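Observations on the three-dimensional arrangement
Residue-level listing of the chains:
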Amino acid sequence: MNPSPFLGELLGTAVLMLLGDGVVSNVVLKQTKGNGGGWIVIATGWGLAVLIGIFTAQAFGSPEAHINPAVTLGNAVMSGDYSNVLPFITAQMIGAFLGAVLVWIHYMPHWAATEDPADKLACFATGPAIRATGPNFVSEVLATLFLIVGLFGIGQTEDVPPGLGPYLVGMLVWSIGLSLGGPTGYAVNPARDLGPRVAHAVLPIAGKGPSDWAYGWIPVVGPFVGAAIAAILLGLVS
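Residue positions within a chain follow its written sequence, with the count starting from 1. Local features in a predicted model are, by the rule used here, given only for residues with pLDDT of at least 70; side-chain atom pairs are given and counted only at 80 or more, and totals for whole chains, interfaces and linings are based on all residues. The side-chain figures draw on all heavy atoms in the structure; neither hydrogens nor water molecules are used.

What the protein chain contains, in helices and strands, is 11 helices and 0 strands. In the protein chain, the order of α-helices and β-strands from amino to carboxyl end is α-α-α-α-α-α-α-α-α-α-α. Its C-alpha atoms give the protein chain a radius of gyration of 17 Å, within 12% of the compact-globule value 18 Å for 238 residues. In terms of its C-alpha atoms, the protein chain occupies a principal-axis envelope of roughly 50 × 45 × 30 Å. Throughout, exposure labels follow a simple rule: accessible area from a 1.4 Å probe, protein chains only, divided by the maximum for the residue type, with under 20% read as buried, over 50% as exposed, and the rest as partly exposed. Here the protein chain holds 238 residues, and 51% of them are scored as buried. When checking whether two residues touch, look at their non-hydrogen atoms; a contact exists if any pair is within 4.5 Å. Of the contacts made within the protein chain by residues no fewer than 6 positions apart, 78% connect residues no fewer than 24 positions apart. Carbon and sulfur atoms make up 70% of the accessible area of the protein chain, which totals about 10,500 Å². The charge count includes Lys and Arg as positive and Asp and Glu as negative, but it does not include His or the ends of the chains. For this purpose, a charge sits on NZ of Lys, CZ of Arg, CG of Asp or CD of Glu. Each charge sign in the protein chain was given a centre, from 7 positive and 12 negative side chains, and these centres are 16 Å apart. Each helix corresponds to a stretch of at least 4 residues labelled H or I by DSSP, and each strand to a stretch of at least 2 residues labelled E; elements are numbered beginning at the N terminus. Between the two quantities, the radius of gyration covers C-alpha atoms and the globule rule is 2.2 Å times the number of residues to the power 0.38. Per-residue accessibility takes into account occlusion by the displayed protein chains alone, with areas from the Shrake-Rupley method and a 1.4 Å probe.

Assignment of secondary structure puts Met78 in helix H3 (residues 69–79). Judged by relative accessible area, which is 34%, Met78 ranks as partly exposed. Remark: the alpha-carbon pair of Met78 and Val15, spanning 63 residues in sequence, is separated by 27 Å.

Turning our eyes to something else, we now look at helix H7 (residues 133–156). Expected helix span is given by 1.5 Å per residue-to-residue step, counting one fewer step than there are residues. A rise of 1.5 Å per residue sets the reference length of H7, with its 24 residues, at 34 Å; its end C-alpha atoms lie 35 Å apart and thus fit the reference within 8%. Of the positions making up H7, those classed as buried are Asn136, Ser139, Glu140, Val141, Ala143, Thr144, Leu145, Leu147, Ile148, Gly150 and Ile154. In this structure, the buried residues of H7 make contact with H3, helix H8 (165–180), helix H10 (213–216) and helix H11 (218–237).

Within the secondary structure layout, Asp212 lies in the loop between helix H9 (190–202) and H10. A residue is classified by how much of its surface remains accessible, and Asp212, at 19% relative accessible area, is buried.

Let's shift gears to H8. End to end, H8 covers 22 Å across 16 residues, agreeing with the expected 22 Å (1.5 Å per residue, within 8%). Taken residue by residue, H8 has Gly165, Pro166, Val169, Gly170, Leu172, Val173, Ile176 and Gly177 as its buried positions. Taken end-on, H8 shows its buried residues confined to a sector of 155°, consistent with a single buried face. By arc we mean the arc of the directions from the helix axis to the C-beta atoms, nothing more.

A separate point is the pattern of salt bridges. Think of it this way: side chains of opposite charge can pair up when their charged atoms draw near. We define a salt bridge as a contact between a side-chain nitrogen of Lys or Arg and a carboxyl oxygen of Asp or Glu at a distance within 4 Å. Going through the model one piece at a time under the given rule, you end up with 3 salt bridges. Across the pair Asp212 and Arg131 runs a salt bridge whose closest N-O atoms are separated by 2.7 Å. One end of the pair, Asp212, is in the loop between H9 and H10; the other, Arg131, is in the loop between helix H6 (117–122) and H7, and 81 residues separate them in sequence.

Right, let's get into the nonpolar core. The tendency in soluble globular proteins is for nonpolar side chains to be buried as a group. Within this scheme, the nonpolar core is defined by two criteria: the residues are buried Ala, Val, Leu, Ile, Met, Phe, Trp, Tyr or Cys, and they are joined through side-chain atoms within 4.5 Å. Trp46, Trp111 and Phe124 are the most contacted members of the largest nonpolar core, which totals 49 residues. Mapped by element, the contributors of at least two residues to this core are helix H1 (5–28), helix H2 (39–59), H3, helix H4 (85–106), H7, H8, H9 and H11. No other element matches H4, which puts 8 residues into this core. The contact partners of Trp111, leaving out residues within four places of it in the chain, are Ser25, Leu29, Val103, Trp104, Lys120, Cys123, Phe124, Ile205 and Ala206.

Take the packing of H3 against H7 next. In this description, a line fitted to the C-alpha atoms serves as the axis of each element, helices being fitted only across the stretch in contact, and the angle between N-to-C directions of two axes falls anywhere from 0 to 180 degrees. It is at 11 Å that the axes of H3 and H7 come closest, and there the two elements cross at 60°. As H3 runs across H7, the sense of the crossing is right-handed. Counted together, Ala70, Val71 and Met78 of H3 and Thr144, Leu147, Ile148, Leu151 and Phe152 of H7 form the full contact between these two elements. Across the contact of H3 with H7, the residue classes break down as 7 nonpolar, 1 polar and no charged. Handedness of a crossing is defined here by the sense of rotation of the near helix relative to the far one, left-handed for an anticlockwise turn of less than a right angle and right-handed for a clockwise turn. Under the grouping applied here, Gly and all other residues not named as nonpolar or charged are polar, the nonpolar ones being Ala, Val, Leu, Ile, Met, Phe, Trp, Tyr, Cys and Pro and the charged ones Asp, Glu, Lys and Arg.

No statement about biological role is implied by the geometric values presented.
As structure tokens, then:
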């Protein structure tokens, strides 16, 4: 495989999902070593998943390492260059699906051992703590808006040593998870939710329930809206 931006985005997002949905599975599924580890473990695991996903994307040919369609859209709105939107988002969606499939394989015995179908869905896709369409949508918009603002701030900091950026981005996602993740599980990434939700729908997961498509549009549309708003605001002040 020759390195390319498409391959980098695909594999980087696949690693993001393998480690991100992996930590959720470790905490939520029954009879795992990490069962009951709690929200701090999940938020920390996702922050580290972003870090390793970025390094993977860069190693395989995507130096920008978006691994998130909302980031891709935000960059396009700010720069006016939309040439990467379709190929990057396509790669990210494929990668997210494949990463979720790997999680299913990795935790194979634990799906049958887990009784609650909602717990199984949580290993793939986000869901609201309190189902309220408007507030849930706003939560995803705001969390993604601050993700884009944080990424912009990191990128504009001149004294960040080379190679430190991915660590700061991981810390940013860790912070968002700890502080803003409570209402909806902070998708802040359309691929992070949609790709695994599709995987949940099509995989023969033991004892699974519905994939909750009635809610599924919120963690897709909300991050796109939040990224676009952030990009417009940053374009006005930068």
